[in-house]
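Analysis of the macromolecular model
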Amino acid sequence: MSASTATPATPGINAHQGTALITGASSGIGAVYADRLARRGYDLILVARNRDRLARLAERLTSETGRSVEIVTADLGADADVRRVETLLRTDASITLLVNNAGIGAAGTLLQSDADKMALMIALNVTALTRLTYAAAHGLVARGKGTIINIASIVAVAPELLNGVYGGSKAFVLAFTQSLQHELADQGVRVQAVLPGAIRTAFWDVAGQPVENLPQDWVMSAEDLVDAALSGLDQGEVVTLPSLPDAADWHAFEAARAALGPNLSRSVPAARFRVA
Ligand SMILES: NC(=O)c1ccc[n+]([C@@H]2O[C@H](COP(=O)([O-])OP(=O)(O)OC[C@H]3O[C@@H](n4cnc5c(N)ncnc54)[C@H](OP(=O)(O)O)[C@@H]3O)[C@@H](O)[C@H]2O)c1
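Below is a short write-up of the structure. (Residues numbered from 1 in each chain as written. Predicted model: local features only at pLDDT ≥ 70, side-chain atom pairs only at ≥ 80, totals over all residues. Heavy atoms only, no water.)

1. A word on helix α7 (residues 222–234)
What counts is decided by this rule: Each helix corresponds to a stretch of at least 4 residues labelled H or I by DSSP, and each strand to a stretch of at least 2 residues labelled E; elements are numbered beginning at the N terminus. Expected span, for any helix, means 1.5 Å times one less than how many residues it has. When accessible area is computed with a 1.4 Å probe and restricted to protein chains, residues below 20% of their type maximum are described as buried, those above 50% as exposed, and intermediate ones as partly exposed. Whether two residues are in contact is decided by their heavy atoms, any of which lying within 4.5 Å being enough.
If you check α7, its first and last C-alpha atoms are 18 Å apart, about what 13 residues at 1.5 Å a residue would give, namely 18 Å. In terms of burial, α7 is largely enclosed, as 10 of its 13 residues are buried. Among the residues making up α7, those that are buried are Ala222, Leu225, Val226, Asp227, Ala228, Ala229, Leu230, Ser231, Gly232 and Leu233. Buried-residue contacts for α7 involve α1 (28–39), β5 (146–151), β6 (189–194) and β7 (239–240).

Here's what the structure looks like:
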């Protein structure tokens, strides 16, 4: 993981890197990924619901970078739209990078939250991300190269901070990404989970907690977040926590998890559970 917030070196602005498909590209973190990846030499497919915002971003990036930018309007909480984007990922062999960024959060407690809204959050944050990853992974493995970036959150490891369903959805993204990396690493496909802290975007309006109410020394800009996350990717990280000053803290966390390994599954219960 990374503690770096430095702007990464841009590897050859004119070197064509293939096409990056970015979900949730109409605003916030996704829109900054679109900007940075176009400048790194990727053509883009930008996916979100808001056509006007996508079109304005596509126009700006085409004129500033000369890259080809396609927009796809899709509601990734709706099954038929997810399947449309899956088809694109399966059939467009130019796609070398998928950024699974679209997501929504909530700040309310479990008992304050509406179950239908929580199910919609799971559909977007978990089900769509999983389906799109599957759709992309087969082609990337067949071609022996490519990258999948999954935007998780620090609540993946701190689920008490915000709404529990949101924390659970992001814990899924982290575990899914670590498992994918384990499976795909020797097949030429890079996988990265990014765990942002609080980022100044419209996310907080949707979650029902104005970002202005947070301690401002917790809040990072989307530009700094994406530049740090891409630096983490360049450094070969699987999990990138852009805020964490000392990478050793994450390595200690992972080492503690690994230390459980030999005792996670045994033929008898632990001594403290034995019936007297
Ligand atoms: N901001 C933070 O503090 C923070 C912290 C940790 C993790 N994250 C994660 O970062 C990711 C991006 O969030 P953000 O902060 O950039 O918030 P944002 O500015 O609200 O962006 C969310 C993006 O997702 C798209 N989206 C929302 N619902 C969608 C749907 N049903 N179908 C397709 N696209 C949809 C939105 O576009 P349309 O409305 O046009 O569809 C928008 O482009 C999310 O996964 C979020 O969980 C954010």
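2. A look at the site of the ligand
We count it as follows: Whether a residue is near a molecule or strand is decided by its heavy atoms; if any one of them lies within 4 Å of it, the residue is near. Two N or O atoms count as a polar contact when they lie within 3.5 Å, although within protein this holds only if one can serve as hydrogen donor and the other as acceptor, and sequence-adjacent residues are included solely when both atoms are side-chain atoms. Residue exposure ignores everything except the shown protein chains as possible cover, and the areas themselves are Shrake-Rupley values with a 1.4 Å probe. Cavities and pockets were defined on a 1 Å grid built over protein atoms only: a cavity is a set of grid points that admits a 1.4 Å probe from which the probe cannot escape, a pocket is an open set flanked by protein on both sides within 12 Å along at least five of seven lines, and lining residues are those with an atom within 4 Å of any such point. To decide whether a molecule occupies a pocket or cavity, check its atoms: if more than half lie within 2 Å of the grid points, it is inside. All residues other than Ala, Val, Leu, Ile, Met, Phe, Trp, Tyr, Cys, Pro, Asp, Glu, Lys and Arg, Gly among them, are scored as polar; the first ten of these are nonpolar and the last four charged.
Lining the immediate surroundings of the ligand are 31 residues, of which Arg49, Asn101, Tyr166, Ile199 and Thr201 lie closest. A distance of 2.9 Å is found between an oxygen atom of the ligand and a side-chain nitrogen or oxygen belonging to Ser27. Here the ligand loses 94% of its free accessible area of 890 Å² to cover by the protein chains. A majority-of-atoms criterion places the ligand in the largest pocket. Among the elements of the structure, α1, α5 (164–184) and α6 (203–207) are those that each provide at least two residues to the shell around the ligand. Of the residues contributing to the shell around the ligand, the split by class is 16 nonpolar, 11 polar and four charged.

3. Digging into the layout of surface pockets
The test is simple: Grid points are joined across faces, edges and corners, and a volume is the space filled by probe spheres set on the points.
A volume near 1100 Å³ is recorded for the largest pocket. In this structure, the largest pocket is lined by 44 residues; those nearest its centre are Gly103, Ile104, Thr201, Ala202 and Phe203. Listing elements by their share of the lining of the largest pocket, those giving two or more residues are α1, β2 (43–48), α4 (115–143), α5 and α6. Taken as a whole, the second largest pocket holds about 260 Å³ of empty space. For the second largest pocket, the lining is made up of 13 residues, of which Gly105, Ala106, Lys117, Met118 and Val206 are closest to its centre.

4. Describing the nonpolar core
The cut-off we apply is this: Definition of nonpolar core: a set of buried residues of the types Ala, Val, Leu, Ile, Met, Phe, Trp, Tyr and Cys, connected through side-chain atoms within 4.5 Å.
By size, the foremost hydrophobic cluster in this structure holds 35 residues, and its most contacted members are Leu21, Val47, Leu76, Val85 and Leu89. Broken down by secondary-structure element, the contributors of at least two residues to this core are β2, α3 (79–91), β4 (95–100), α4, α5 and β6. With eight residues, the top contributor of residues to this core is α4. Counting 32 residues, the second-largest nonpolar core is a separate cluster that includes Tyr42, Leu97, Ile151 and Val226.

5. Section: the pairing of β2
The two faces of the sheet receive side chains in turn, since in a regular strand these alternate between them. Note the cut-off: Pairs of strands are assigned from DSSP output, requiring at least two bridges between the strands. Crossover handedness is defined by viewing with both strands directed away from the observer: a clockwise path from the first strand over the helix to the second marks the crossover as right-handed.
Among the six residues in β2, six count as buried, and that is most of the element. Burial of β2 is two-sided: the residues Asp43, Ile45 and Val47 facing one way and the residues Leu44, Leu46 and Ala48 facing the other way are all buried. Bridging between strand β1 (residues 19–23) and β2 involves five bridges; their strand directions are parallel. If you follow Thr19 over to β2, its bridge partner there is Asp43. In this fold, the crossover linking β1 to β2 by way of α1 has right-handed handedness. Direction of pairing for β2 relative to strand β3 (residues 69–73): parallel, over a ladder of five bridges. The residue bridging Ile45 from the neighbouring strand is Glu70, located in β3. In this region the chain leaves β2, passes through helix α2 (residues 51–65) and returns to the parallel neighbour β3; the handedness of that crossover is right-handed.

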